[in-house]
Amino acid sequence: MVSEVGPDKASWLLEQAGLQGLESMTPLDGGWDNENFLLRLIDGYEVVLKAWIANDVGEVARVVRRHIHLDSHGIPTTVPLRLLNGDFCAEREGVAWTLIPYVSGGMLGKDEASLKSLGVALSRMSLIPAADCFPREYRMGFSLFDKVLKSKSENVDRDFIEVLSSEVSKLKRVFPENLPLGVLHGDLFPDNVIGCDGEVLAILDLEEAWIGPRAFDLAMAFVGFGWEDGKPVEKRWGALVDGYQSISKLSQEEISALPILYRFATLSIACWRYWKHNLTAPDVSLSGRYVEMLERLCVEFDFSEAFE
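Here's a quick rundown of the structure. (Residues numbered from 1 in each chain as written. Predicted model: local features only at pLDDT ≥ 70, side-chain atom pairs only at ≥ 80, totals over all residues. Heavy atoms only, no water.)

As a further point, take the sheet that holds strand 2 (residues 35-41). Read across the open sheet, the 5 strands follow the order 1-2-3-5-4; overall the sheet is antiparallel. Taken across any chain shown, the strands that pair with only one partner, and hence form the sheet edges, are strand 1 (22-27) and strand 4 (90-92). Averaged over all neighbouring strand pairs, the angle between strand axes comes to 30°, with direction disregarded. Inspection of the sheet shows strand 4 paired to strand 5 (residues 95-101) by 3 bridges, in the antiparallel sense. Residue pairing for strand 5: Arg92 is matched across the bridge by Val95. (Pairing = 2+ DSSP bridges. Helix = DSSP H or I, 4+ residues; strand = E, 2+ residues; numbered from the N terminus. Axes fitted to C-alpha atoms, helices over the stretch in contact; angles between N-to-C directions.)

Turning next to the packing of helix 5 (residues 158-174) against helix 8 (residues 252-280). In contact at an axis separation of 11 Å, helix 5 and helix 8 are set at 145° when each is read in the N-to-C sense. Viewed along their axes, helix 5 and helix 8 form a crossing whose handedness is left-handed. Residues Phe160, Leu164, Glu167, Val168, Leu171 and Val174 of helix 5 form the contact with helix 8, whose own contacting residues are Ile260, Arg263, Phe264, Leu267, Ala270, Cys271 and Tyr274. Taken together, the residues of the contact of helix 5 with helix 8 break down into 11 nonpolar, no polar and 2 charged. (Left-handed = near helix turned anticlockwise from the far one by under 90°. Contact = heavy atoms within 4.5 Å. Nonpolar A, V, L, I, M, F, W, Y, C, P; charged D, E, K, R; others polar.)

A word on the nonpolar core. Ranked by size, the top nonpolar core spans 79 residues in total, and within it Leu118, Val148, Met220 and Trp237 carry the most contacts. For Leu118, the contacting residues outside a window of four places in its chain are Leu108, Val193, Val200, Ala221, Phe225 and Leu240. Formed by 20 residues, the second largest nonpolar core is a distinct cluster that contains Ala10, Ala17, Phe37 and Leu49. (Core = buried A, V, L, I, M, F, W, Y, C linked by side-chain atoms within 4.5 Å. Buried < 20%, exposed > 50% of the residue type's maximum accessible area, 1.4 Å probe, protein only.)

This paragraph deals with the packing of aromatic side chains. Considering all chains together, one arrives at 21 aromatic pairs under this definition. Geometrically, the ring pair formed by Phe175 and Phe264 is edge-to-face, given 5.0 Å between the ring centres and 75° between the ring planes. Within this pair, whereas Phe175 is found in the loop between helix 5 and strand 7 (181-184), its partner Phe264 is found in helix 8, the two being separated by 89 residues in sequence. The exposure class assigned to Phe264 is buried, which follows from its relative accessible area of 2%. One aromatic cluster is present, formed by Tyr138, Phe142, Phe145, Phe175, Trp210, Phe216 and Phe264 through successive ring pairs. Here the guanidinium or amino end of Lys50 rests over the ring plane of Trp52, the centre of that ring lying 4.0 Å away. A cation over a ring is seen here: Arg92 above Trp12, with NZ or CZ 5.0 Å from the ring centre. (Phe/Tyr/Trp six-rings, centres within 6.5 Å; stacked < 30°, edge-to-face > 60°. Lys NZ or Arg CZ within 6 Å of the ring centre and 35° of its normal.)

Once that is clear, we can look at the side chain of Asn278. Within the element layout of this structure, Asn278 appears in helix 8. What makes Asn278 buried here is its relative accessible area of 16%. With near-sequence residues (within four places) excluded, Asn278 lies in contact with Arg273, Ser287 and Tyr290.

Structure, rendered in structure tokens:
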């Protein structure tokens, strides 16, 4: 584990980019593993320091390439500053460090304009060329399910394991094959998308990005943005679909697959939360977060109405 991130390390990293004059350093919300700070320089320039504590240096390099790939194809995202040595990240204490341009705004809203803009961005992203920095397997999908199911932890919730085992068995039988593939984000929640005035300004945090069924990100966006007070909001789903289809229409096969993709996405978030907060980094205050997603699996929703 890297020792405390303070002004000395911030100044060190700024020097790697040819910058100086740190005035203030403010922690930023968002993310469960890595640390982010807004650095303000004396001349008013602002940049985000990210200490990639949870990712090995090689993986960070791949994630950075994903951001570069999106940016090169016009998808709104953030690309780390290139350092004086030509690299996009520096290494210290076995950890990768990056400086990312600060995008003013906040978490993307859940209003219809914002979600339509998100649908547009996801549809465009799914159509860009694939690249070898994107895996072909979803990191929060079946491999994580199997890891949790095989866990030997004494604190395992047997009821959850039974539900997970049953759901995984069903999904493996019905998971759609031969759907159109594309570049996906894989973790579309408000803290991963910066927006302002109903517009997506930057899609962040591509650690879970992968090449998979194009319609998956539409389903995942509904997991992250589409619910309120334990209920799915039909207008939010409609806005996501309207934006998405303004760029590319889903086929009937993709529309029919949406309930399965949505269930897969919901279970993935439930499993990740359980794995993170109950097994790998137990935290009593967060240990029940996975239950929210399990409860959603019991709620019926007609995805097809938005296409009629």
